[in-house]
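Here is how the chains run, residue by residue.
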Amino acid sequence: MVDFKGMDILHGAQFTREELEHIMKVAADMRQRVEKERSLDVMKGYVLGALFFEPSTRTRLSFEAAMHRLGGSVVGFASAGTSSSAKGESLADTIRNVDRYVDVIAMRHPQIGSAQEAAEAAEAPVLNGGDGAGQHPTQALLDLFTVQSERGQVDGNTIALCGDLKYGRTVHAGVEVYKHYDCKLIFVAPDALRMPPEITARLREQGVTVEEMTDLEAALAESNVLYMTRIQKERFEDPAEYERLKGSYVLTRAMVERINPDLTVMHPLPRVDEIATDVDALPGAAYFRQAENGVYTRMALIGLVTGELS
Ligand code: NCD
């Protein structure tokens, strides 16, 4: 029996395989129930605090939609500028207050480690919606759910992760959940944006097969799933370095059709130019379904950590 009640969701590495499977089972159940009933009333009376100190479209709106579809309500802010952090309030003080208003907190913040800090200040469970270039565990879970939905199962897939593996928090969290499955991982990045070597080394120590490449076409030939990412402009100290690296990889429809027509293409979104829009009409282009899965996965998480779903 997996018990999530009161659990903070902070890091992709915090889960066992049993927990991952349980979250996916509940997310699948949420999808079915939303398709049938549109909205549920399992979280009636509960309030979610959605605290977004950094820009967000999908993560914030899917958390909010998830809470509404569960029958609960939402308060929050969508930029640090409209919260008292603009007046110099510390994160811990903001959280201590919000904790008195709400039952569960979803937060995005530019600082690595901020979600951990919030969890220490709050009694309510904290769901990390991205802490700087650190982690983005709820994205990793919806990505895992998407791989399962698109490919039928997670085991047995070769997953190529391409783009900004240095600053990309979605991939930092993603590898921590894929490692529990029988998957091969291929990291495709320019040298300057490689997966942090300590993450790669630790995965290998844990028995995960990881290959590193710079050539996207070579990786495509070997993969079932491509997880494309945006170069994280906002994390670069030197704008010239961003200018040099942007556009490093562009996936086109012609590439998919020529090299691997069965490819499942994922992306956490937003995309800039790393997936040409002509890919969107391919049956394997899964990124908009992936974004939708964010609602079901976050419904599952909100319900589980509050103890209203099991
Ligand atoms: C990602 C993020 O914010 O880390 N987006 C998301 O949550 N769907 C990816 C990105 O911004 O590139």
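Residue positions are given per chain, counting from 1 as you read along its sequence in written order. Local features are withheld for residues below a pLDDT of 70 in this predicted model, meaning they are given only at 70 or higher, and side-chain atom pairs are given and counted only at 80 or more; totals for whole chains, interfaces and linings count all residues. For side-chain calculations, the full set of non-hydrogen atoms in the structure is used, while hydrogens and water are omitted.

Looking now at unusual backbone geometry. In this structure, the amide linkage connecting Leu-269 to the following residue, Pro-270, adopts the cis form with an omega of 5 degrees. Structurally, the position occupied by Pro-270 is in the loop between β9 (264–266) and α11 (287–305). Look at Arg-38: it is not a glycine, yet its phi comes out positive at around 70 degrees. Within the secondary structure, Arg-38 sits in the loop between α1 (17–37) and β1 (47–52). Helix and strand assignments follow DSSP, with helices taken as H or I runs no shorter than four residues and strands as E runs no shorter than two, numbered in order from the N terminus.

For the purposes of this section, nonpolar cores are sets of buried Ala, Val, Leu, Ile, Met, Phe, Trp, Tyr and Cys residues that join through side-chain atoms within 4.5 Å. Only protein chains enter the accessibility calculation, which uses a 1.4 Å probe; a residue is then buried when its area is under 20% of its type maximum, exposed when over 50%, and partly exposed in between. If you look at the biggest cluster of nonpolar residues, it comprises 63 residues, and the most contacted ones within it are Leu-161, Tyr-178, Leu-185, Phe-187, Met-299 and Ile-302. Tallying contributions element by element places α11 first for this core, with 8 residues. Domains are outlined according to an automatic or database domain assignment. Each of domain 1 (12–135 + 294–306) and domain 2 (137–290) gives at least three residues to this core. For this analysis, residues touch if any pair of their heavy atoms sits within 4.5 Å. Once residues within four sequence positions are removed from consideration, Leu-185 is found in contact with Ile-159, Leu-161, Val-175, Tyr-178, Leu-203, Val-208, Thr-209, Val-210 and Glu-211. Listed in part, the 22 residues of the second largest apolar core include Ala-160, Met-213, Leu-269 and Tyr-287.

One pair of aromatic rings is described through two measures. These are the centre distance and the angle between the planes. The pairing test for Phe, Tyr and Trp rings, Trp by its six-membered ring, is centres within 6.5 Å, and the orientation test on the planes gives stacked under 30 degrees, edge-to-face over 60, and tilted for anything in between. Evaluated as defined, the whole model comprises 4 aromatic pairs. An aromatic cluster is built from Tyr-167, Phe-236 and Tyr-242, whose rings are joined through pairwise contacts. Taking NZ or CZ as reference, Arg-298 lies 4.9 Å from the ring centre of Phe-63, over its face. We call a charge positioned over a ring when the NZ of a Lys or the CZ of an Arg lies within 6 Å of the ring centre and within 35 degrees of the ring normal.

Two faces, one strand: in a regular strand the side chains alternate between the faces of the sheet. For two strands to pair, DSSP has to find at least two bridges joining them. Both strand β6 (residues 184–188) and strand β7 (residues 209–213) contribute to a ladder of 5 bridges, which runs parallel. Note that in β7 the partner of Ile-186 across the bridge is Glu-211. For the handedness criterion, the β-α-β arrangement of β6, helix α7 (residues 197–205) and β7 is classed as right-handed. Crossover handedness is defined here as right-handed if the route from the first strand over the helix to the second strand goes clockwise, with the strands pointing away from the viewer.

Before going further, it helps to spend a moment on the sheet that holds β1. One key point about sheets: their strands pair by backbone hydrogen bonds, in either a parallel or an antiparallel sense. One open sheet accounts for 4 strands, arranged β2-β1-β3-β4; its pairing is parallel. Both outer strands of the open sheet, β2 (73–77) and β4 (126–131), are each paired with one neighbouring strand and no more. Each strand of the sheet is rotated relative to its neighbour by a mean of 15 degrees, with strand direction disregarded. Both strand β3 (residues 104–109) and β4 contribute to a ladder of 4 bridges, which runs parallel. Looking across to β4, one finds that His-109 is bridged to Asp-131. Orientation is described by lines fitted to C-alpha atoms, with helices fitted over the stretch in contact, and by angles between N-to-C directions that extend from 0 to 180 degrees.

Our next topic: the sheet that holds strand β8 (residues 225–228). Overall, parallel pairing links the 5 strands, which are arranged β7-β6-β5-β8-β9 in an open sheet. Every interior strand has two partners, whereas the edge strands, β7 and β9, have only one. Averaged over neighbouring strand pairs, the angle between their axes works out to 20 degrees when direction is ignored. In this structure, β8 lies alongside β9, joined through 3 bridges in parallel fashion. Opposite Leu-226, over in β9, you have Val-265 as the bridge partner. Relative to the sheet, helix α5 (residues 137–151) contacts β8 and β9, its axis offset from that of β9 by approximately 165 degrees.

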